[in-house]
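Chain by chain, the residues run as shown.
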Amino acid sequence: MTSPGIRKIIHVDMDAFYASVEQRDNPQLRGRPVAVGYGAKRGVVAAASYEAREYGVRSAMPSTTALRKCPPLIFVPPRFEVYRAISRQIREIFADYTDLIEPLSLDEAYLDVTENRRGLPTATATATEIRARIKAETGLNASAGVSYNKFLAKLASDHRKPNGQFVVPPGYGEAFVETLPVGRFHGVGPVTAEKMNSLGIHTGADLRRQTVSFLQTHFGKSGPWYHAIAHGEDHRPVVSDRPRKSSGSETTFLEDLTEPAAVEQGVLSMADEVWAWCEKAQAFGRTVTVKIKYGDFRQATRSRTLAAPVVSRETLRTISVDLVRTVYPLPTGVRLLGVTVSSFEAAGPPAQLEFGF
Amino acid sequence: MKITIERAALLRSLGHVQSVVERRNTIPILSNVLLKAENGELALTATDMDLEIVESVPADIARPGSATAPAHTLYDIARKLPDGSQVELDFTADTLTLRSGRSQFRLGALPVEDFPVMAGGDTGHRFTLSANDLKMLVDRTKFAISTEETRYYLNGIYLHASKAKTGAAEIPVLRAVATDGHRLARVEMALPDGASGIPGVIIPRKTVIEVRKLLDEAADRIEVQLSDTKVRFAFDSIVLTSKLIDGTFPDYERVIPTGNDKVMEVNAGQFAAAVDRVATISTEKSRAVKLSLDRGILTLSASSPEAGSATEEIEVSYDNTALEIGFNSRYLLDITQQIEGEGVRFTLADAGSPTVVRDVADGSALYVLMPMRV
């Protein structure tokens with residue numbers, strides 16, 4: 001049950017993002033300690049694979065230190081263009097669930113799924129599905145934290161890393177932070193953690209015992225924040241960084257579709273879902289894209305951009321089916337179908353709509 | 001050529017044929033009417049090269065022969081002559097002399113051989129239908145004919161044989177369809193004998209309008225002859241022959257929605273009057289009115305930055321989820337004007353999809369209307 005006013009926040013964090021991408025794209029790196037960065041004298045580790053982390057290699061560590069800790073460490077030069085592209089791909093996945101996406105970096109984002117687009121019953125189910133789709137579409141692992149605010153969601157995503165998921169349900173926030181060292185809390189850096197430790201504050205429970213005025217005396221205007229997070233409270237909203245640029249819907253079928261009629265039926269129902277959103281949001285786009293993923297994971301996308309936005313369900317349906325028909329004959333079964341509308345245009349003055357011929 | 005004819009008969013026939021003649025003509029002979037006297041009849045012919053109308057009237061023929069005369073001038077003269085007078089037309093050399101009572105007109109005439117005659121030839125299929133049926137086919141579709149010249153294939157009524165499904169049975173029908181891309185009108189009637197093999201043809205707007213003008217006074221049976229390139233309507237002593245639009249009419253069935261599930265029924269007269277009132281406020285350019293539907297009630301509204309706003313509520317039969325949809329008020333009125341029964345039924349899907357409009361009491365006509373985004 002969802003009580004009114006209780007939010008559903010997911011923090012999604014890619015596991016060793018840059019390093020995992022390199023291991024994904026180069027099989028020889030798999031299972032081996034990898035650092036993304038330059039191994040030269042003054043180089044720094046930008047990201048470390050989990051294998052490297054076992055040796056104590058960390059991000060931002062000088063490359064020379066990293067090599068000393070881990071002699072077999074393999075340095076790979078970063079490919080930021082690739083990371084950015086994957087990050088966009090992941091954000092497209094998020095966008096299927098909510099408009100409220102607050103990216104923190106290329107590999108991390110908060111999602112407010114209080115009203116998720118897919119109608120999934122719980123934020124946990126949403127997080128599970130998002131992680132599964134990230135894995136299916138990018139081959140990469142993500143961890144997720146699910147809770148009722150950003151602070152707890154972020155702590156939770158770290159809790160079962162890598163490739164894990166943890167939920168802090170309403171009412172369990174205080175208990176969750178109780179045992180954690182204060183250095184793990186958002187806004188508590190190494191210096192502050194040191195200072196807290198010197199004041200006898202080591203865990204969330206220690207922090208909770210302090211009064212606001214005590215914390216204010218010692219930590220100034222951050223005091224109330226520390227007091228709040230010790231109680232598992234955080235009222236910061238998820239602030240999306242960009243207006244929505246597309247709306248899409250896709251489905252992976254239980255069994256691969258082989259019949260054109262079934263494929264078209266699938267495309268039509270995706271088109272209808274997208275249309276429902278377009279109508280509700282009163283956002284109409286000029287570009288329709290149909291994505292077809294085959295049973296062997298090969299993927300085809302077909303898109304058409306019109307002179308004017310698609311403003312009717314029938315038009316969207318017709319174009320979607322036309323597009324999917326361009327891949328016939330089907331080379332193999334279809335595993336996934338998606339329909340996306342993009343290139344939104346502001347609704348102008350009253351405009352007479354036309355038949356599509 | 002020399003004949004005498006009753007003024008009333010001449011006026012009536014000239015009235016019929018002269019409207020085919022364009023007011024402005026770059027080819028002088030097309031401003032003229034061809035007069036041909038033989039066998040106790042005067043045949044009057046007017047053409048614009050695409051549409052030709054010939055009407056025969058009884059006349060006293062003193063000397064058979066042919067002549068041309070400026071159509072509108074001759075018509076104006078006949079119109080101004082006193083009722084019940086006799087008119088003598090006398091053509092010699094290059095002058096047509098018209099005498100009636102004490103009036104005399106001498107009109108310069110162009111050579112008869114210059115007058116273009118539409119090639120005859122085989123007109124293929126023949127069938128007859130009643131004047132009322134033809135009127136219905138024309139009236140309920142002609143408002144939707146496109147005037148956009150770039151889409152010339154929509155500048156007429158698409159007439160063709162088809163099949164109407166009623167339950168499991170299929171009934172052969174004659175269908176007339178017109179669309180301008182915003183709305184579509186489709187009317188059907190039982191397929192007349194002889195029409196089963198007709199090709200689908202696009203009859204130009206002007207032809208449709210000229211035929212329609214003549215139908216009010218026409219005898220009941222209208223003979224239609226049809227080929228791939230021409231259509232001919234023959235009734236009384238009038239034969240109207242027209243070229244067809246050489247184009248492909250779009251697959252109009254595609255835009256007739258079949259899955260619309262929101263049904264509203266409303267009194268056609270009340271609806272039209274309310275639309276008309278509310279539309280007073282909508283901007284001249286868009287003529288948009290908004291229909292807000294909720295259970296049992298329709299709220300019509302319009303607004304414009306300059307004029308203000310208007311709303312009106314009507315009781316309707318509607319039992320579905322609330323829906324807001326905009327339409328061009330003119331288009332709504334064009335359609336409701338064609339509804340003869342008391343009730344009009346709207347079958348809707350959503351604010352961006354085509355809406356189907358029908359007469360509750362008469363299934364022969366179907367209208368499809370694209371909404372406006374408001």
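Our structure is the block above this text.
Keep in mind that what you see is a predicted model, and the values were worked out from it rather than measured.

Analysis parameters
- Residues numbered from 1 in each chain as written.
- Chains lettered and ligands numbered in written order.
- Predicted model: local features only at pLDDT ≥ 70, side-chain atom pairs only at ≥ 80, totals over all residues.
- Heavy atoms only, no water.
- Helix = DSSP H or I, 4+ residues; strand = E, 2+ residues; numbered from the N terminus.
- Buried < 20%, exposed > 50% of the residue type's maximum accessible area, 1.4 Å probe, protein only.
- Contact = heavy atoms within 4.5 Å.
- Areas by Shrake-Rupley, 256 points an atom, 1.4 Å probe, with all protein chains shown as cover.
- Phe/Tyr/Trp six-rings, centres within 6.5 Å; stacked < 30°, edge-to-face > 60°.
- Lys NZ or Arg CZ within 6 Å of the ring centre and 35° of its normal.
- Axes fitted to C-alpha atoms, helices over the stretch in contact; angles between N-to-C directions.
- Left-handed = near helix turned anticlockwise from the far one by under 90°.
- Nonpolar A, V, L, I, M, F, W, Y, C, P; charged D, E, K, R; others polar.
- Buried area = accessible area lost by both parts, 1.4 Å probe.
- Salt bridge = Lys/Arg side-chain N within 4 Å of Asp/Glu carboxyl O.
- Polar contact = N/O pair within 3.5 Å; in protein donor to acceptor, adjacent residues only side chain to side chain.
- Pairing = 2+ DSSP bridges.
- Parallel < 35°, antiparallel > 145°, perpendicular 65-115°, else oblique.

### Describing the overall build of chain B
Here is step 1 of the chain: Within chain B, the regular secondary structure consists of 6 helices and 27 strands.
Here is step 2 of the chain: Buried residues in chain B amount to 56% of all 374 residues.
Here is step 3 of the chain: Long-range pairs, those at least 24 residues apart, make up 66% of the contacts in chain B between residues at least 6 apart in sequence.
Here is step 4 of the chain: As displayed, chain B offers around 16600 Å² of accessible surface, 47% of which is attributable to carbon and sulfur atoms.

### Let's talk about the packing of aromatic side chains
All names here are of chain A.
Here is step 1 of the chain: Tallying each qualifying case throughout the model produces 17 aromatic pairs over all chains.
Here is step 2 of the chain: One aromatic cluster is present, formed by Phe17, Tyr18, Phe80 and Tyr83 through successive ring pairs.
Here is step 3 of the chain: Across the ring face of Tyr50, the terminal group of Arg53 is positioned such that the distance to the ring centre comes to 4.6 Å.

### Let's talk about unusual backbone geometry
All names here are of chain A.
Here is step 1 of the chain: Omega for the bond connecting Lys161 with Pro162 falls within 30 degrees of zero, at -10°, which places this linkage in the cis form.
Here is step 2 of the chain: Across the junction of Tyr328 and Pro329, the peptide omega takes the value -5°, indicating a cis bond.
Here is step 3 of the chain: By the secondary structure assignment, Pro329 is in the loop between α13 (313–325) and β12 (334–345).
Here is step 4 of the chain: In this structure, Ser343 takes a positive phi of about 55° despite not being glycine.
Here is step 5 of the chain: Looking at where Ser343 falls in the secondary structure, it is placed in strand β12.
Here is step 6 of the chain: Among the residues examined, Ser343 registers a relative accessible area of 28% and is labelled partly exposed.

### Digging into the packing of helix α1 (residues 7–18) of chain B against helix α2 (residues 71–80) of chain B
Residue and element names in this part refer to chain B.
Here is step 1 of the chain: At a closest axis distance of 9 Å, the pairing of α1 and α2 adopts a crossing angle of 145°. Considering how the two elements wind past one another, α1 and α2 form a crossing that is left-handed. Note on element contacts: α2 touches α1 through His72, Leu74, Tyr75, Ala78 and Arg79, opposite Arg7, Leu10, Leu11, Leu14, Gly15 and Gln18.
Here is step 2 of the chain: Classifying every residue of the contact of α1 with α2 gives 6 nonpolar, 3 polar and 2 charged.

### Details of the interface of chain A and chain B
Here is step 1 of the chain: The partner chain B presents 27 residues to the 19 residues of chain A that form the contact.
Here is step 2 of the chain: When chain A packs against chain B, close to 2000 Å² is buried across both sides, 58% of that on carbon and sulfur atoms.
Here is step 3 of the chain: Interface area lost by chain A to chain B is led by Gln352, Phe355 and Phe357 of chain A, which between them contribute 42%.
Here is step 4 of the chain: Connecting chain A to chain B are 2 salt bridges.
Here is step 5 of the chain: Between Glu354 of chain A and Arg151 of chain B there is a salt bridge; the shortest N-O distance is 3.3 Å.
Here is step 6 of the chain: Where chain A touches chain B, the interface holds 10 residue pairs in polar contact (both at pLDDT 80 or more).
Here is step 7 of the chain: Of all the secondary-structure elements, those providing two or more residues to the side of chain A that touches chain B are α12 (260–281), α13 and β13 (351–352) of chain A.
Here is step 8 of the chain: The element contributing the most residues to the side of chain A that touches chain B is α13 of chain A, with 3 residues.
Here is step 9 of the chain: A class-by-class count of the residues in the side of chain A that touches chain B yields 10 nonpolar, 5 polar and 4 charged.
Here is step 10 of the chain: Taken together, the 2 bridges between β13 of chain A and strand β27 (residues 372–373) of chain B define a ladder with antiparallel strand orientation. Within the sheet, the bridge partner assigned to Gln352 of chain A lies in β27 of chain B and is Met372 of chain B.

### Focus: the packing of helix α5 (residues 268–278) of chain B against helix α6 (residues 329–336) of chain B
Residues and elements named next belong to chain B.
Here is step 1 of the chain: Following both chains from N to C, one finds α5 and α6 inclined at 155°, their axes separated by 10 Å at the closest point. Here α5 lies roughly antiparallel to α6, going by the angle between them. As for the relative orientation of α5 and α6, their crossing is left-handed in sense. Two secondary-structure elements touch here, α5 through Phe271, Ala272, Val275 and Asp276 and α6 through Ser329, Leu332, Leu333 and Thr336.
Here is step 2 of the chain: A class-by-class count of the residues in the contact of α5 with α6 yields 5 nonpolar, 2 polar and 1 charged.

Any functional reading would require information beyond the geometric quantities listed.
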